[in-house]
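The residues making up each chain are set out below.
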Amino acid sequence: MNKTTTCFSDEEIQEIEEFKDATLAMTVDGKELICFSILYDLIQKRTELRDISRTELVKSYAQLKGVKDTFASFDFCRYNHLGMHRKQI
């Protein structure tokens, strides 16, 4: 079993692929969002870690941290898509 298999479930890999596809050519503050493409390429063994520049790794880390912080601020369990409290549904 390789290390990426133990790090990510099939569902998580699918989610990373979906984020990669959804963010192709997307920019934030004029900077291209590359973190999901790099992560997915590493998981799929399309690239090796040693082939990615330090600048790209730092940029990817910062982007993933930003995404994590953004999603952590959402309250997914409390509200549905209509903004109603789940207990009211």
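Here the structure is a predicted model, which is why all the values come from computation and not from measurement. (Residues numbered from 1 in each chain as written. Predicted model: local features only at pLDDT ≥ 70, side-chain atom pairs only at ≥ 80, totals over all residues. Heavy atoms only, no water.)

## Brief notes about the pattern of salt bridges
Right, on to step 1. One pass over the full model with this rule turns up 3 salt bridges.
Right, on to step 2. Among the salt bridges present, the one from K65 reaches D69, with a minimum N-O distance of 3.2 Å. Linking K65 with D69, this pair stays in helix α4 (residues 54–72), spanning 4 residues, or about one helical turn.
Right, on to step 3. Judged by relative accessible area, which is 39%, D69 ranks as partly exposed. (Salt bridge = Lys/Arg side-chain N within 4 Å of Asp/Glu carboxyl O. Helix = DSSP H or I, 4+ residues; strand = E, 2+ residues; numbered from the N terminus. Buried < 20%, exposed > 50% of the residue type's maximum accessible area, 1.4 Å probe, protein only.)

## Considering helix α2 (residues 10–22)
Right, on to step 1. Over its 13 residues, α2 extends 18 Å from the first C-alpha to the last, a length consistent with the 18 Å expected when each residue adds 1.5 Å.
Right, on to step 2. All of the buried residues along α2 are I13, I16 and K20. Considered in projection along α2, the buried side chains sweep an arc of 60° and stay on one side of the axis. Along α2, the residues that are exposed and aim more than 90 degrees away from the buried face are E11 and A22.
Right, on to step 3. The inward-facing, buried residues of α2 abut α3 (35–43). (Expected span 1.5 Å × (residues − 1). Arc of directions from axis to C-beta. Contact = heavy atoms within 4.5 Å.)

## Overview of the packing of aromatic side chains
The description of two aromatic rings rests on the distance between their centres and on the angle between their planes.
Right, on to step 1. Going through the model one piece at a time under the given rule, you end up with 2 aromatic pairs.
Right, on to step 2. Aromatic pair F19 and F36: ring centres 4.9 Å apart, planes at 15°, arrangement stacked. Here F36 lies in helix α3 and F19 lies in helix α2, a separation of 17 residues in the sequence.
Right, on to step 3. On the basis of relative accessibility, which here comes to 32%, the residue F19 falls in the partly exposed class.
Right, on to step 4. On the basis of relative accessible area, F36 is assigned to the buried category, the value being 6%.
Right, on to step 5. With 5.9 Å between their ring centres and 85° between their planes, F19 and F71 make a pair best called edge-to-face. In this pair, F19 is assigned in helix α2 and F71 in helix α4, connecting sequence segments 52 residues apart.
Right, on to step 6. Among the residues examined, F71 registers a relative accessible area of 34% and is labelled partly exposed. (Phe/Tyr/Trp six-rings, centres within 6.5 Å; stacked < 30°, edge-to-face > 60°.)

## Points about the side chain of K20
Right, on to step 1. As for its placement among the helices and strands, K20 is situated in helix α2.
Right, on to step 2. Those residues in contact with K20, other than ones at most four positions away along the chain, are F36, S37 and Y40.

## So, the environment of C35
Right, on to step 1. The topology assignment puts C35 in helix α3.
Right, on to step 2. Between the C-alpha atom of C35 and that of K59, which follows or precedes it by 24 residues, the distance is 7.5 Å.
Right, on to step 3. Beyond its immediate sequence surroundings of up to four residues, C35 is in contact with S60, Q63 and L64.

## With respect to the nonpolar core
Right, on to step 1. One finds I13, I16, L39, Y40 and I43 forming the largest nonpolar core, which totals 5 residues.
Right, on to step 2. When residues of this core are assigned to their parent elements, the largest contribution, 3 residues, is made by α3. (Core = buried A, V, L, I, M, F, W, Y, C linked by side-chain atoms within 4.5 Å.)

It is worth stressing that arrangement in space is one thing and function is another; only the former is reported here.
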